[in-house]
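Spelled out from the first residue to the last, the chains are:
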Amino acid sequence: MVKKVTFLLAAGLIVLLILFEVRVDPQFALPQTIERTDDEQEARYRACVAERDRVIHAETFARIDNPDVQREVLSTRKDQAAKECRDAFPERTVTADEPFRFNLVDLEFRF
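Conventions and cut-offs
- Residues numbered from 1 in each chain as written.
- Predicted model: local features only at pLDDT ≥ 70, side-chain atom pairs only at ≥ 80, totals over all residues.
- Heavy atoms only, no water.
- Helix = DSSP H or I, 4+ residues; strand = E, 2+ residues; numbered from the N terminus.
- Rg over C-alpha atoms; globule rule 2.2 N^0.38 Å.
- Buried < 20%, exposed > 50% of the residue type's maximum accessible area, 1.4 Å probe, protein only.
- Contact = heavy atoms within 4.5 Å.
- Areas by Shrake-Rupley, 256 points an atom, 1.4 Å probe, with all protein chains shown as cover.
- Lys, Arg positive; Asp, Glu negative; His and termini not counted.
- Charge placed at Lys NZ, Arg CZ, Asp CG, Glu CD.
- Disulfide = S-S within 2.5 Å.
- Patch = residues over 30% accessible without salt bridge, like charges linked within 9 Å, V, L, I, M, F, W, Y side chains within 5 Å.
- Salt bridge = Lys/Arg side-chain N within 4 Å of Asp/Glu carboxyl O.

K.L.:
Please clarify how the overall build of the chain should be interpreted in this entry.
P.N.:
Across its full length, the chain carries three helices and four strands. Listing every helix and strand of the chain by position from the N terminus yields α-β-β-α-α-β-β. Relative to a compact globule of 111 residues, whose C-alpha radius of gyration would be 13 Å, the chain shows 27 Å and is clearly more extended. The proportion of buried residues among the 111 residues of the chain is 14%. The contacts in the chain between residues at least 6 apart in sequence include a share of 86% that link residues at least 24 apart. In the structure as shown, the chain presents an accessible area of about 9,000 Å², 60% of it carried by carbon and sulfur atoms. Taken together, the 17 basic and 21 acidic charged side chains of the chain have centroids lying 6 Å from each other.

Encoded structure:
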């Protein structure tokens, strides 16, 4: 009986090592409250910048033919748009509770 259990454990370990990449990655973290940027607010900011960027490109390419001037105008107006969008959607932080975390081994499927 002991031989059978030992054989099954060894066979299971071999199968595990064949199917998974095993990494020892010790991580330990106590529960804590952390400050994070608000994902919704950042999504609004990025949408604002993307919309203004689209408008800036359309206007710049419609009005200016010189590529060097286009590049300068785009760069300047993009910076200005980013500042205006940040004023409209200021960076906001939210508190999040991180739970207790304990990790010793990471398994990653090989196939």
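Past the structure itself, the notes keep going.
K.L.:
Mind showing me how you'd approach the state of the cysteines here?
P.N.:
By definition, a disulfide links the sulfur atoms of two cysteines through a covalent bond. Under the definition given, this model contains one disulfide. A sulfur-sulfur separation of 2.1 Å characterises the disulfide bridge that pairs Cys 48 with Cys 85. The chirality of the disulfide connecting Cys 48 with Cys 85 is left-handed, given an S-S dihedral of about -70 degrees. Taken together, the positions of Cys 48 in helix H2 (residues 39–63) and Cys 85 in helix H3 (residues 67–88) put the pair 37 residues apart, joining distant regions of the chain. Since its relative accessible area comes to 0%, Cys 85 is described here as buried.

K.L.:
What exactly am I supposed to notice about a nonpolar patch on the surface here?
P.N.:
There is a patch of nonpolar side chains on the surface, built from Leu 13, Leu 17, Val 22, Val 24, Phe 28, Leu 30, Phe 100, Phe 102, Leu 104, Val 105 and Leu 107 and spanning about 1,100 Å² of accessible area. Residue assignment for the nonpolar patch shows that the elements contributing at least two residues are helix H1 (2–19), strand E1 (20–29) and strand E4 (101–109). With four residues, E4 is the largest single contributor of residues to the nonpolar patch. Its place among the elements puts Leu 104 in strand E4. A relative accessible area of 47% means that Leu 104 is categorised as partly exposed.

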